Amino acid sequence: CVCVCVLCVCVCVHIRTYVCTCTHTHTSQLAYSIAYTLIYYGYFSHVLSHSSAPKRQKQHRLPMATLADVFPKPDGAKRWFSPEMVRLAWSFFKQSFLKQILTDGERYVMTILGVISFAEQGVYDIIGNLGSLVARFIFLPIEESFYVFFAGLLFRGEPIHRQKKEAVELVVETLPMLLKFVLMVALTILAFGYAYSFMALDIYGGPLLSQGLGPTLLRWYCVYVLLLSVNGVTECFVFAAMSQADVDRYNGKMLLFSLLFLSSSVLLTNFLGSVGFIMANCVNMAARICHSCYFIRCYFAPRRECSIFTSALPSPPVLLSFALSFILTASSELVFCKDAGVFGQVAHVLVGCLCLSGVGAAILLWEPALCSFLLSRLPSRAVAMVTRLQGVFLRTSQ
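The structure displayed is predicted, hence computed values, not measured ones.

A.B. asks: So what's going on with the packing of helix α6 (residues 165-205) against helix α14 (residues 368-375)? Which residues, and what values?
C.D. replies: For the pair α6 and α14, interaxial distance at closest approach is 10 Å and the crossing angle is 100 degrees. Classified by the angle between their axes, α6 and α14 sit roughly perpendicular to one another. On α14, the residues that touch T174, M177, L178, K180, F181 and M184 of α6 are A369, L370, F373 and L374. Its residues assigned to classes, the contact of α6 with α14 comprises 8 nonpolar, 1 polar and 1 charged.

A.B. asks: Hey, could you go over the side chain of Q163 for me, with residue numbers and the actual values?
C.D. replies: Its location among the elements puts Q163 in the loop between α5 (118-153) and α6. At a separation of 2.8 Å, a polar atom in the side chain of Q163 contacts the main-chain amide nitrogen of F155. Ignoring anything within four residues of it in the chain, the contact list for Q163 reads L153, L154, F155, E158, V168 and Y299.

A.B. asks: Quick one: what's the story with the environment of V266, residue by residue and with numbers?
C.D. replies: Relative to the assigned elements, V266 resides in helix α9 (residues 244-272). In the structure, V266 is positioned 157 residues away from V109 in sequence and 7.2 Å away in space, judged by C-alpha atoms. Setting aside residues no more than four positions away along its own chain, V266 makes contact with V109 and L113.

A.B. asks: Can you break down the packing of aromatic side chains residue by residue, with the values?
C.D. replies: Per the counting criterion, the structure on display carries 16 aromatic pairs. Seen from their ring centres, F146 and F150 are 6.3 Å apart, and the 45 degrees between their planes marks the pair as tilted. Here F146 pairs with F150, and both are found in helix α5, just 4 residues apart, close to one helical turn. We classify F150 as buried; its relative accessible area is 0%. Joined through ring pairs, the aromatic side chains of F146, F149, F150, F237, F295, Y299 and F300 make up one cluster. Here the basic side chain of R219 rests over the ring of Y194, its NZ or CZ set 4.7 Å away from the ring centre.

Cut-off values and rules
- Residues numbered from 1 in each chain as written.
- Predicted model: local features only at pLDDT ≥ 70, side-chain atom pairs only at ≥ 80, totals over all residues.
- Heavy atoms only, no water.
- Axes fitted to C-alpha atoms, helices over the stretch in contact; angles between N-to-C directions.
- Helix = DSSP H or I, 4+ residues; strand = E, 2+ residues; numbered from the N terminus.
- Parallel < 35°, antiparallel > 145°, perpendicular 65-115°, else oblique.
- Contact = heavy atoms within 4.5 Å.
- Nonpolar A, V, L, I, M, F, W, Y, C, P; charged D, E, K, R; others polar.
- Polar contact = N/O pair within 3.5 Å; in protein donor to acceptor, adjacent residues only side chain to side chain.
- Phe/Tyr/Trp six-rings, centres within 6.5 Å; stacked < 30°, edge-to-face > 60°.
- Buried < 20%, exposed > 50% of the residue type's maximum accessible area, 1.4 Å probe, protein only.
- Lys NZ or Arg CZ within 6 Å of the ring centre and 35° of its normal.

Right, here's the structure in full:
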């Protein structure tokens, strides 16, 4: 089943790539959505048709017995749709509309107000697409997977004392480790992104990108990625635990976030140019993180022994390794990348590899809980390899 699903997703990606080359963008998006939906229905049909036995039904754990259960049908009161689900779907629709403003708001400001030139807009779009690769390929799958994980454990809208004890314990164990993991990834991007932004853009686009505002924009985008990672994890928990009334109230706050973002975009771009858009995104993400942290703190308030945010912070030696890596790689860029040619760039890359190895060793030594959390989700061969590496570093430090 996994192989079939992976194959179907690959086919879907190829379909989207082919269709997106057409001039009609809306048609291509519609074709992609239809293909993606058909893949899900095909997967459900395949799983349900091969799970007639009780043991097989327990293995797939789908909340339906036949494919017909997916489609609407009248209940005892002859209603085709659940009123609660309709209200919840409408709340999420309004939230998605406001999120669209937050996602593409800077483009509306660029187009309507013309605060930056067309050349700067092109560079900004390229940097935005490059910087968002990390969010799309690393953070987004994590957010989607753990939203389903938290939503399956918790009863939506119920306080913590009414939840199952085992589910609460698992959430208390998982949420800090998940936050710590995305923080580690984002801090790695921030520590090394500053010194390697110029080189990456020079390799990717040549002097057109590396000689202008490109490196500065990409460096600021590394800061934005740090806030983006924390916001993604905190919001995936918040949305899994919120009631329908909480979602409605949050939509009103999203309107405030949108106004804050648009106003800060106009204000900051008048002083800082293209960098102002990224800083406005940082302000927006910081406000959303504060709201999510407040919700999480209130949610776990009855359990005073829970220290979600304290447990999510990296240990001081790991933070020190990130700081030293930032200083060393930034110094290496000044020394080796000033008219030093290819050999200077190679030396700069070697310095980065050594610093990255030091950060990895620090994580293995001083973050055993995080390593255990990650090892529990890796294949057995990878677990054995990482365990051996951890033992080598422990013996070396002793």
